[in-house]
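# Summary of structural features
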Amino acid sequence: FYFSYGFLLLFLHILRAAAALEEKIIISKLGDNATLSCVYQERRLHLKNLRVYWQIADDQEERCVVHALISGQDNESKQCVHFKNRTQLFWDRLEEGDFSLLLLNVSQSDEHTYKCVVLQKTEYTKIIYQAKVVLSLAASYSQPILSGPVRNSDSTGEEVTFSCKSSNGYPKPNVYWINKTDNSQLLPSDVKFILHHDGTYSVFSTLKVKATSNMQIECSIENEILQENLSANYTQEKQNGDPSTESHKNLEKSGRGAQAAGIISIIIVMGLLAVVICWLWRRKSSKLVSY
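Everything numeric in this text was worked out from a predicted model, so none of it was measured.

## Describing the overall build of the protein chain
Within the protein chain, the regular secondary structure consists of 2 helices and 17 strands. Buried positions account for 34% of the 291 residues belonging to the protein chain. Roughly 19100 Å² of accessible area belongs to the protein chain as shown, and the carbon and sulfur atoms make up 54% of that amount.

Next comes the structure, spelled out in structure tokens:
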């Protein structure tokens with residue numbers, strides 16, 4: 001009976017420890033500081049009786065120690081080199097059970113699942129709290145730039161090419177091409193990603209379609225982690241002539257404007273000359289009268 005009762009208590013303890021294990025997802029931008037949450041809200045604690053370990057928990061071995069607090073003091077003896085001088089605890093919150101970790105200047109190499117383990121030493125050392133935090137990193141992409149074809153009214157039915165580019169984002173985005181006339185999705189002809197030295201990406205995509213008299217094309221860059229969706233649009237109405245004709249019309253308008261300005265200038269000059277001649281004539285007439 002006593003054996004069964006002891007086994008039952010052990011089993012309940014294991015279940016309680018499993019139930020206490022929480023997992024949170026933290027999203028941070030590259031280069032920012034990330035706070036990995038670990039809060040034990042049972043009661044006020046004595047730090048001298050505690051050990052707190054932050055570890056990488058991507059695999060079962062959990063080899064890398066991110067940060068360690070032993071008997072109220074930071075312990076860097078087993079801290080991984082990658083995290084040296086990059087981790088901090090919130091000292092004013094520790095006795096209240098807040099063992100959250102501040103990770104400075106995060107980069108792609110910090111994308112891991114982290115585990116916080118809190119141990120208490122009384123008669124024996126036992127785990128009183130555990131938490132898991134998944135750190136996901138992201139960076140916003142720039143506003144996409146969409147370039148469309150230069151064409152005339154005779155190009156309807158011919159294949160034309162669009163290009164779309166965006167840069168300095170993370171992770172790799174989803175690229176969508178949409179025909180806005182019926183909101184149908186178009187398959188890109190090509191999508192290329194360029195990895196930069198800072199770990200961010202640039203994306204370049206092209207689309208080849210048959211030209212229509214009224215093309216309305218949209219390029220969309222989606223960052224799933226940040227839930228950002230940036231788009232650029234291209235709209236070209238049907239034209240009566242080619243671009244050179246339109247340019248010619250613009251030149252004609254400019255020429256007419258210049259011609260009108262020239263006529264006005266001539267009128268002003270002639271007016272000034274008339275005033276000067278009038279003044280000279282009156283002066284000469286006054287001299288003759290005096291004589």
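Following the structure, the description resumes.
## Observations regarding the state of the cysteines
Applying the stated rule across the entire model yields 3 disulfides. Between the sulfur of Cys-38 and that of Cys-116 lies a disulfide, 2.1 Å long from S to S. The disulfide joining Cys-38 to Cys-116 has a torsion of about -65° about its S-S bond and is therefore left-handed. Of this pair, Cys-38 sits in the loop between β2 (34-36) and β3 (50-56) while Cys-116 sits in strand β8 (residues 113-121), placing them 78 residues apart in sequence. On the accessibility criterion, Cys-38 (1% relative accessible area) is buried. A disulfide bridge connects Cys-64 with Cys-80, and the sulfur atoms are separated by 2.0 Å.

Reading guide: rules and limits
All residue numbers refer to positions counted from 1 along the written sequence of the respective chain. Thresholds applied to this predicted model are a pLDDT of at least 70 for local features of residues and 80 or more for the giving and counting of side-chain atom pairs; totals over whole chains, interfaces and linings are not thresholded and use all residues. Side-chain metrics in this entry use all non-hydrogen atoms of the structure; hydrogen atoms and water are not considered. Each helix is a run of DSSP H or I of at least 4 residues and each strand a run of E of at least 2, with the numbering of both proceeding from the N terminus. Throughout, exposure labels follow a simple rule: accessible area from a 1.4 Å probe, protein chains only, divided by the maximum for the residue type, with under 20% read as buried, over 50% as exposed, and the rest as partly exposed. Areas reported as accessible are Shrake-Rupley estimates using a 1.4 Å probe. Residue values count occlusion only from the protein chains shown. Cysteine sulfur atoms that pair up within 2.5 Å are treated as a disulfide.

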